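# Architecture and fold: a report
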Amino acid sequence: MLLPIMAKKKAKKKVSQTPIQKNANVDTELQDEVIRQLNKRPIPKVEKKKKSKFQIWTWIMSIFMVIVMAGSVIYAAIAAIGH
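Calculation rules
- Residues numbered from 1 in each chain as written.
- Predicted model: local features only at pLDDT ≥ 70, side-chain atom pairs only at ≥ 80, totals over all residues.
- Heavy atoms only, no water.
- Helix = DSSP H or I, 4+ residues; strand = E, 2+ residues; numbered from the N terminus.
- Buried < 20%, exposed > 50% of the residue type's maximum accessible area, 1.4 Å probe, protein only.
- UniProt positions renumbered as here; feature names shortened; annotations may be inferred.
- Patch = residues over 30% accessible without salt bridge, like charges linked within 9 Å, V, L, I, M, F, W, Y side chains within 5 Å.
- Areas by Shrake-Rupley, 256 points an atom, 1.4 Å probe, with all protein chains shown as cover.
- Salt bridge = Lys/Arg side-chain N within 4 Å of Asp/Glu carboxyl O.
- pLDDT = per-residue confidence, 0-100.

## Details of the overall build of the chain
Helix and strand counts for the chain come out as three helices and zero strands. Expressed as a percentage of its 83 residues, the buried residues of the chain come to 0%.

## Description of the UniProt feature "transmembrane region" (unreviewed entry) in the chain
The feature "transmembrane region" (unreviewed entry), as given by UniProt, occupies residues 56-81 in the numbering adopted here. The span residues 56-81 shows a helical share of 100% and a strand share of 0%, and its end C-alpha atoms are spaced 38 Å apart.

## Details of a nonpolar patch on the surface
Taken together, the side chains of Ile56, Trp57, Ile60, Met61, Phe64, Met65 and Val68 define a hydrophobic patch exposed on the protein surface, amounting to about 680 Å² of accessible area. Note that Met65 resides in helix α3 (residues 53-82). Since its relative accessible area comes to 41%, Met65 is described here as partly exposed.

## Section: the confidence of the model for the chain
With 69% of its residues at a pLDDT of 70 or more, the chain shows a mean pLDDT of 79. Highest mean pLDDT in the chain belongs to α3 (96); lowest belongs to helix α1 (residues 2-17) (53).

Take a look at the structure:
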């Protein structure tokens, strides 16, 4: 876990040793390229879809089945202790 942090620190030291003017040119070129690529294919906005009745009933039945199974395990444990 510490190795990536140490690697990042070493990378930052290497960047700081290069001339400031050269870094500024690279950063602006990189920024322009990123903006150009994002303008080509903008990120689509995702709209939250409403759940269908089938999905709602599936959730209700699954929760019901979990409750029934947990109840049967508890019932079996009580029956085993009382027997």
